[in-house]
Amino acid sequence: MDNLIPVLVGLPLAGAAVLLLGGRRLDRFGHWLGVLASTASFGVGLVLFFDMLSRSTAQRPAFEHLFTWVPVAGFQAQVGFQLDQLSVVFVLLITGVGSLIHLYSVGYMAHDERRRRFFGYLNLFLAAMLLLVLADNYLLLYVGWEGVGLASYLLIGFWQHKPSAATAAKKAFLVNRVGDIGLSVAIMLMFSTFGTFAFGPVFGAAHTASQGTLTGIGLMLLLAACGKSAQVPLQSWLGDAMEGPTPVSALIHAATMVTAGVYLITRSSAVFNLAPTAQLATVCVGAVTLLFGAIVGCAKDDIKKALAGSTMSQIGYMVMAAGLGPIGYVFAIMHLVTHGFFKAGLFLGAGSVMHGMNDEVDMRRYGGLRKHMPLTFVTFGLGYLAIIGFPGLSGYFSKDKIIEAAFAHGGTEGWILGTAALVGAAVTAFYMTRVMLMTFFGEKRWQPDAEGHEPHPHESPSTMGIPMVVLAVGSVGAGALFAWNSSFVKWLTPVTGHDEGHSPLSSWTVSGITFAVIALGVLVAWTMYGRQPVQATPPVGSLLTRAARRDLLQDDFNHVVLVGGGQHLTRFLVYLDAKGFDGVVNGIAAAVGGTSGRMRKLQNGYVRSYALSMFGGALVLVATTLLMRAV
Amino acid sequence: MSSFPLLTVAAALPAVGAVLTAALPAATSAKRRDINKTLPLGISVLTLVLAAVVAIRFKPGGARYQMTEHHSWISDFGIGYSLGVDGIAVVLILLTAVLVPVVMLASWHDADPVANDAGTFERNRRTQGFFALILAVEAMVVLSFEATDVFLFYVFFEAMLIPMYFLIGGFGDRTVGEDARQRSYAAVKFLLYNLLGGLIMLAAVIGLYVITAKQGIGTDGHGTFDLSTITQALASGKLHFSPVAEKALFLGFMFAFAVKAPLWPLHTWLPNAMGEATPGVAVLITAVVDKVGTYAMLRFCLQLFPDASKTFGPAILVLSLIGIIYGALLAVGQKDIKRLIAYASISHFGFIIMGIFAMTSQGQAGATLYMVNHGISTAALLLVAGFLMSRRGSRLIADYGGVQKVAPVLAGTFMIGGLATLSLPGLAPFVSEFLVLVGTFTRYPAIGIVATIGIVLAALYVLVLYQRTMTGPVKPEVSGFRDLHARELVVVTPLIALLLFLGVYPKPVSDIVNPAVRDTMSDVHRTDPAPAHPITAAQVAATNSQGGGQ
């Protein structure tokens, strides 16, 4: 059975190869080929999952070694896979949600002449993401890590005739490369400390290393996670990434790839558990990002960018939970999965709205859509209730547990983190209610598009509808299923460990307070966007609102410091290289040759003089040799 | 010792081919011209076959130098015609032999005569001369990799400058704004720099001979240039350098190689030469000829002067680190496609030299793989860029835009070349770059960490180049572009296949290289730094029982 593991990666990889190299003759049915590769991989994932279920806990992890990749002295990189309780959760999420989004894209991209290529890239993404979660060592994980980055680059820039899309794609890749420095250095540190970078041996030997080394590895892994998961300070690319087609935003920039950072930290729990400083940094990053993303989400009028802010914020919850250690790992992953359902559903809903509204993304030009798009309204609404943490729905079970775990962290830190998580929950309720009200309720504020076409909102085709329904079901039921009999906790504990902690507040108290702050957020949003009509043009807004609209000035900062500084530096260096280094050499040459005219003459006769100098050199050689023999 | 002089034949074939090609009657028609070009192409393919035979017959883990040939040449001065290859030389000969036919095919029309006003062609041997010169360069480069006699190496190292000079100066890039004076300047600059390096090396070569003669090394105690004899004498203590002499000789050799490689701040000839030369010739410069410089550092500097190599190692590491970052920053600032790639190469040569002087197995194996992978990736990027430029007749990035829309295959191959240049995992350059980084880090952590900035900058210059040329609205001048045609596809397909294959399965190459690296490491009396907290045997056993492997 274990030899099926490489097939998981192989199927979508083969799909990508066929679709990208196959040429135009595949245009007619290529998209179905892409769907097939994805669902087949999901099928294999299910088989492996049930096989794992049938085994005892100790027997569950499976390993499959393929071949030796790079063998140089002590550096032995292998291509080997590891399928354990943690990776199988990801496999099912990636291939399951991935297959739904493939299906959705059949309808969404129906009118795009490059649809076959789109499916090729989607399959490539699946293969890379599966490699990332199945690798049994950090270097192979790195391949998947960059592979998803490449797929993300290609898909954000899919409509690359739009300069904004091409720029956004480049930005995402570059910011992620900064994170890659972290992953590279972490692997180098592991190699120089343990002589290996394979999961098992590193985790087994972690306790022998010094505190400083482990902190270094932890912080470097955190840097990598910040890049991939759009956490502060490497968050700036995610909002721009919404330039990509909406199915891409749903799959890559909401449900799967952006959560890879959480996977990396959880997978490396053996290192983080021994490095409290790195854990502290992780919870700080998570807490700051969950507030940052939530504030940005409040100010955006672009529906996808509002959801992107939300994604950043929700991943902030997961990163914070992962930073809490054994109290939080399981809930980080649980929230990751439930978020995968409801956020993918929300994005697909947003895509459905855009599909019916001539690709309009400005929520100030929506309004009253619930009557025209009932299915989209219901599925989006269920996703909305799930994300704000409405009792009984998926988000309630996972997010409340994270808030509880934050308090259970203990001490002043616990109170700070818990409060931040509560504030985040309130703000989440606010901005999501805002999205809901501006899109589906109130007056029509529709406007004709650039070519003057009036929007005629209509329900989307069934290829798009079915995935939305399935994800809505997941948004409603997944949390309860996971929480039932603590099944999710029990499933993951053998990999991540679990600790209840000692919360100063009882579980019911936390739930009660959380529900109260959520209700407050909803109420405030309703007063602002429900009770009074939404203005078609955005009001000036407070200083904070204006800053939030500009993503809390992240790009302004980057622009002045990095782009501006970098441009000046490169311009100066280009000047220096031409005038400085070259100038010195040319100056010497000119001084030797006299005027530039004589320089040219020298050039013309140069080969002769060169031959002469070689001859001269040989003469010197002979003379010296003779001299030496005489001595 | 093999009875059949395979190494001589592998080098003589392109040399003879060069003479034959030059001697063919001048073409009177386009068809005859094609015949005149097919001969050198065929010879380069035959050379590739011979190089493959060399690689197959080479036994990794066998004698250090294999297929050796020794003939005394100028016996009075201890100069011998000595050839032999180790694993490092084998893979570099193979790289050269793969790239030459690819470059020829890519440059098929680059040296065709231009019709004069009357619409007729001048009848001359210029076109076939171009191909003859490429073969001549190949012969010299292959002999440089094979020579195990210091003087013999010096002769070929210098002799390859002459055909290169004519290739750069005589066959310019036919693009708008192309300027014969600029080209001549670039060719002379190339020659001046390398000549200066060569002359200083000559002094060091003589100095080395003088010392061996003084200490009575060599067959009759009259001194020798034979590499094996000298290294054996050094190892056994029969030959001893005074510290000052060793440092001086090391610097003399190193200067020549650092110019050729090129190492910052001796790099400024490269952007001129690559900018003015045709794309094919630019590939010859950076992917083939320059590799002789980095190869010679491993072969001669480290073997002959181990102590001086260790003394100067840290300083050279700092220069190579500056080169990595400086080259990448300059690449970001370029407006000219070919100059951008030239500066990217300067950054990559920084990595190669860093790997060599980090003095670890990973560093040196990584540097050797890097030489191969950089050759392939730069060839892919530069040749596709050449196809692009031939469609528009401009080297300026700003003259392009939206090519992806009209020529998706061209854009796709350009992207793969670019991704290889930025060392994307899964493609060959990642393996070598990571080995160099990790090999440097284990001995010099700070330098290894700073060098990782290079991976961000590489992404910057590659993606900016791609964005500006390939994406965005289609420029009117670009709208008529034809996608890659058959000949162009034949050029890029093997390069891309190699990039993928060596990215996923580099073991065949690393198996050939590893024993040579071990020998070099023992020449310089260095062992890899041991892990601070190695995993114990018990932990390994525990993991293996899980099946995780190391």
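No experiment lies behind these values; they were computed from the predicted model shown. (Residues numbered from 1 in each chain as written. Chains lettered and ligands numbered in written order. Predicted model: local features only at pLDDT ≥ 70, side-chain atom pairs only at ≥ 80, totals over all residues. Heavy atoms only, no water.)

### Section: the overall build of chain B
Alright, step 1. Scanning chain B for helices and strands turns up 22 helices and 2 strands.
Alright, step 2. Computed over its C-alpha atoms, the radius of gyration of chain B comes to 23 Å, within 12% of the 24 Å expected for a compact globule of 550 residues.
Alright, step 3. Dimensions of chain B, computed from the C-alpha atoms along their principal axes, are close to 70 × 60 × 40 Å.
Alright, step 4. Residues classed as buried in chain B amount to 65% of the 550 residues present.
Alright, step 5. Of all intrachain contacts in chain B linking residues separated by at least 6 positions in sequence, the fraction that spans at least 24 positions is 81%.
Alright, step 6. For chain B, the exposed area adds up to about 17300 Å²; of that, 66% sits on carbon and sulfur atoms.
Alright, step 7. Charged side chains of chain B number 36 positive and 31 negative; the gap between the two group centres comes to 4 Å. (Helix = DSSP H or I, 4+ residues; strand = E, 2+ residues; numbered from the N terminus. Rg over C-alpha atoms; globule rule 2.2 N^0.38 Å. Buried < 20%, exposed > 50% of the residue type's maximum accessible area, 1.4 Å probe, protein only. Contact = heavy atoms within 4.5 Å. Areas by Shrake-Rupley, 256 points an atom, 1.4 Å probe, with all protein chains shown as cover. Lys, Arg positive; Asp, Glu negative; His and termini not counted. Charge placed at Lys NZ, Arg CZ, Asp CG, Glu CD.)

### Section: the overall build of chain A
Alright, step 1. Helix and strand content of chain A: 25 helices and 2 strands.
Alright, step 2. For 631 residues, the compact-globule estimate of 2.2 N^0.38 gives 25 Å, and chain A sits close to it at 28 Å.
Alright, step 3. Seen through its principal axes, chain A has C-alpha atoms that stretch 105 × 65 × 55 Å.
Alright, step 4. Burial status across chain A gives 60% buried among its 631 residues.

### A few points about the pairing of strand E1 (residues 62-72) of chain A
Residue and element names in this part refer to chain A.
Alright, step 1. Taken together, the 9 bridges between E1 and strand E2 (residues 75-83) define a ladder with antiparallel strand orientation. Within E2, the residue paired with Ala62 across the bridge is Leu83.
Alright, step 2. Hairpin connection of E1 to E2: 2 residues between the antiparallel strands, including Ala73 at a positive phi of 50 degrees. (Pairing = 2+ DSSP bridges.)

### Focus on the pairing of strand E2 (residues 79-85) of chain B
Residue and element names in this part refer to chain B.
Alright, step 1. Counting buried positions along E2 yields 7 of 7 residues, so the element is predominantly enclosed.
Alright, step 2. Burial along E2 is two-sided: the face carrying Ile79, Tyr81, Leu83 and Val85 and the face carrying Gly80, Ser82 and Gly84 are both buried.
Alright, step 3. As paired strands, strand E1 (residues 66-74) and E2 are joined by 6 bridges and run antiparallel to one another. If you follow Glu69 over to E2, its bridge partner there is Leu83.
Alright, step 4. The turn joining E1 and E2, which pair antiparallel and follow one another in sequence, is formed by 4 residues; a positive phi near 70 degrees is taken by Gly78.

### With respect to the pattern of salt bridges
All names here are of chain A.
Alright, step 1. For the structure on display, the rule yields 20 salt bridges over all chains.
Alright, step 2. Lys162 is paired through a salt bridge with Glu243; the nearest N and O atoms lie 3.4 Å apart. With Lys162 in the loop between helix H5 (138-156) and helix H6 (163-194) and Glu243 in the loop between helix H9 (237-240) and helix H10 (246-255), this residue pair connects regions lying 81 residues apart in the sequence.
Alright, step 3. Residue classification places Lys162 among the partly exposed positions, given a relative accessible area of 32%.
Alright, step 4. Accessibility expressed as a relative area gives 23% for Glu243, which makes it partly exposed.
Alright, step 5. Three or more residues are tied together by salt bridges with common partners; here these are Glu146, Arg177 and Asp180. (Salt bridge = Lys/Arg side-chain N within 4 Å of Asp/Glu carboxyl O.)

### Description of the packing of helix H3 (residues 85-108) of chain A against helix H20 (residues 487-496) of chain A
Residues and elements named next belong to chain A.
Alright, step 1. Two elements in contact, H3 and H20, have axes whose closest approach is 7 Å; the angle formed by their N-to-C orientations is 125 degrees. The pairing of H3 with H20 is recorded here as oblique in orientation. Residues Gln85, Leu86, Val88 and Val89 of H3 form the contact with H20, whose participating residues are Phe488, Trp491, Leu492, Pro494 and Val495.
Alright, step 2. A per-class count over the contact of H3 with H20 returns 8 nonpolar, 1 polar and no charged. (Axes fitted to C-alpha atoms, helices over the stretch in contact; angles between N-to-C directions. Parallel < 35°, antiparallel > 145°, perpendicular 65-115°, else oblique. Nonpolar A, V, L, I, M, F, W, Y, C, P; charged D, E, K, R; others polar.)

### Here we look at the interface of chain B and chain A
Alright, step 1. Facing the 95 residues of chain B at the interface are 81 residues of chain A.
Alright, step 2. Summing both partners gives a buried area of about 7600 Å² for chain B against chain A, and 71% of it is carried by carbon and sulfur.
Alright, step 3. Taken together, the links from chain B to chain A amount to 1 salt bridge.
Alright, step 4. Taking the shortest distance from any N to any O, the salt bridge between B:Lys405 and A:Glu113 comes out at 3.8 Å.
Alright, step 5. Counting the contacts that link chain B with chain A gives 12 residue pairs in polar contact (both at pLDDT 80 or more).
Alright, step 6. Examining the composition of the side of chain B that touches chain A, we find that 14 residues originate from one element, helix H7 (residues 180-214) of chain B, more than from any other. (Buried area = accessible area lost by both parts, 1.4 Å probe. Polar contact = N/O pair within 3.5 Å; in protein donor to acceptor, adjacent residues only side chain to side chain.)

### A closer look at the side chain of B:Thr471
Alright, step 1. Relative to the helices and strands, B:Thr471 resides in the loop between helix H19 (453-470) and helix H20 (486-504).
Alright, step 2. Note on B:Thr471: relative accessible area 9%, which makes it buried.
Alright, step 3. There is a polar contact of 2.7 Å between the side chain of B:Thr471 and the backbone oxygen of B:Gln467.
Alright, step 4. Other than its neighbours up to four places away in sequence, B:Thr471 contacts A:Gln160, A:Ala166, B:Gly401, B:Gly402 and B:Tyr466.

### Focus: helix H17 (residues 394-408) of chain A
Residues and elements named next belong to chain A.
Alright, step 1. Compared with the 21 Å implied by 1.5 Å per residue over 15 residues, the 21 Å span of H17 between its first and last C-alpha is a close match.
Alright, step 2. For H17, the buried fraction is high: 13 of the 15 residues fall into the buried class.
Alright, step 3. A positive phi of about 90 degrees marks Gly410, the residue just after H17. (Expected span 1.5 Å × (residues − 1).)

### Points about the packing of aromatic side chains
Alright, step 1. In total, this model carries 50 aromatic pairs over all chains according to the counting rule given.
Alright, step 2. Geometrically, the ring pair formed by A:Phe118 and A:Phe158 is edge-to-face, given 5.2 Å between the ring centres and 75 degrees between the ring planes. You can see A:Phe118 sitting in helix H4 (residues 115-134) and its partner A:Phe158 sitting in the loop between H5 and H6, a full 40 residues away along the chain. Each member of the pair, A:Phe118 as well as A:Phe158, carries the same accessibility label: buried.
Alright, step 3. When the centroid spacing of 5.5 Å and the interplanar angle of 50 degrees are considered together, the rings of B:Phe151 and B:Phe225 count as tilted. Of this pair, B:Phe151 sits in helix H5 (residues 150-159) while B:Phe225 sits in the loop between H7 and helix H8 (227-236), and the two are 74 residues apart along the sequence. In terms of burial, B:Phe151 and B:Phe225 fall into one category: buried. (Phe/Tyr/Trp six-rings, centres within 6.5 Å; stacked < 30°, edge-to-face > 60°.)

### Some words on the confidence of the model for chain A
Alright, step 1. Per-residue confidence for chain A averages 87 on the pLDDT scale, and 91% of its residues sit at or above 70.
Alright, step 2. No element of chain A has a lower mean pLDDT than helix H24 (residues 596-604) of chain A, which averages 44, and none a higher one than helix H11 (residues 260-267) of chain A, which averages 96. (pLDDT = per-residue confidence, 0-100.)

### Describing helix H1 (residues 5-21) of chain A
Residues and elements named next belong to chain A.
Alright, step 1. Compared with an ideal rise of 1.5 Å per residue, which puts 17 residues at 24 Å, H1 spans 25 Å between its outermost C-alpha atoms and is within 8% of the ideal.
Alright, step 2. Looking at H1, one finds that the buried residues are Ile5, Pro6, Leu8, Val9, Pro12, Gly15, Ala16 and Leu19.
Alright, step 3. Residues of H1 that are buried in the fold lie against helix H2 (30-53), E1, E2, H3 and H4.
Alright, step 4. One or two residues past the end of H1 sits Gly23, with phi positive at roughly 80 degrees.

### Comments concerning unusual backbone geometry
Alright, step 1. A cis amide bond, omega -10 degrees, links B:Ala261 with the succeeding residue B:Pro262.
Alright, step 2. Note that the residue after B:Trp264, namely B:Pro265, is joined by a cis bond; omega there is 0 degrees.
Alright, step 3. Positive phi outside glycine occurs at A:Asn485, with the angle close to 60 degrees.
Alright, step 4. Residue placement: A:Asn485 occurs in the loop between helix H19 (462-483) and H20.
Alright, step 5. A positive phi angle, near 60 degrees, is found at B:Ser423, a position not held by glycine.

### Digging into the environment of B:Val491
Residues and elements named next belong to chain B.
Alright, step 1. Relative to the helices and strands, Val491 is located in helix H20.
Alright, step 2. What makes Val491 buried here is its relative accessible area of 1%.
Alright, step 3. If sequence neighbours within four positions are ignored, Val491 has contacts with Val102, Leu105, Ala106, Leu383 and Phe387.

### Description of the environment of B:Lys31
Alright, step 1. Tracing the backbone shows B:Lys31 in helix H2 (residues 30-57).
Alright, step 2. C-alpha of B:Lys31 to C-alpha of B:Val478: the two residues are 447 residues apart in sequence and 30 Å apart in space.

### Considerations on the state of the cysteines
Alright, step 1. Under the definition given, this model contains 0 disulfides over all chains.
Alright, step 2. Unpaired in this structure, A:Cys226 has its nearest cysteine sulfur neighbour in A:Cys284, at a distance of 11 Å. (Disulfide = S-S within 2.5 Å.)

### Looking at the packing of H5(A) against H10(A)
The angle between the axes and the distance between the axes are what describe a pair of packed helices.
Residue and element names in this part refer to chain A.
Alright, step 1. The geometry of H5 relative to H10 is characterised by a closest axis approach of 11 Å and an angle of 155 degrees between their N-to-C directions. One way to sum up the angle between H5 and H10 is to call them roughly antiparallel. Read as a crossing pair, H5 and H10 show a hand that is left-handed. Along its contact with H5, which presents Ser152, Leu155 and Ile156, the element H10 presents Val248, Ile252 and His253.
Alright, step 2. Residue classes in the contact of H5 with H10 are distributed as 4 nonpolar, 2 polar and no charged. (Left-handed = near helix turned anticlockwise from the far one by under 90°.)

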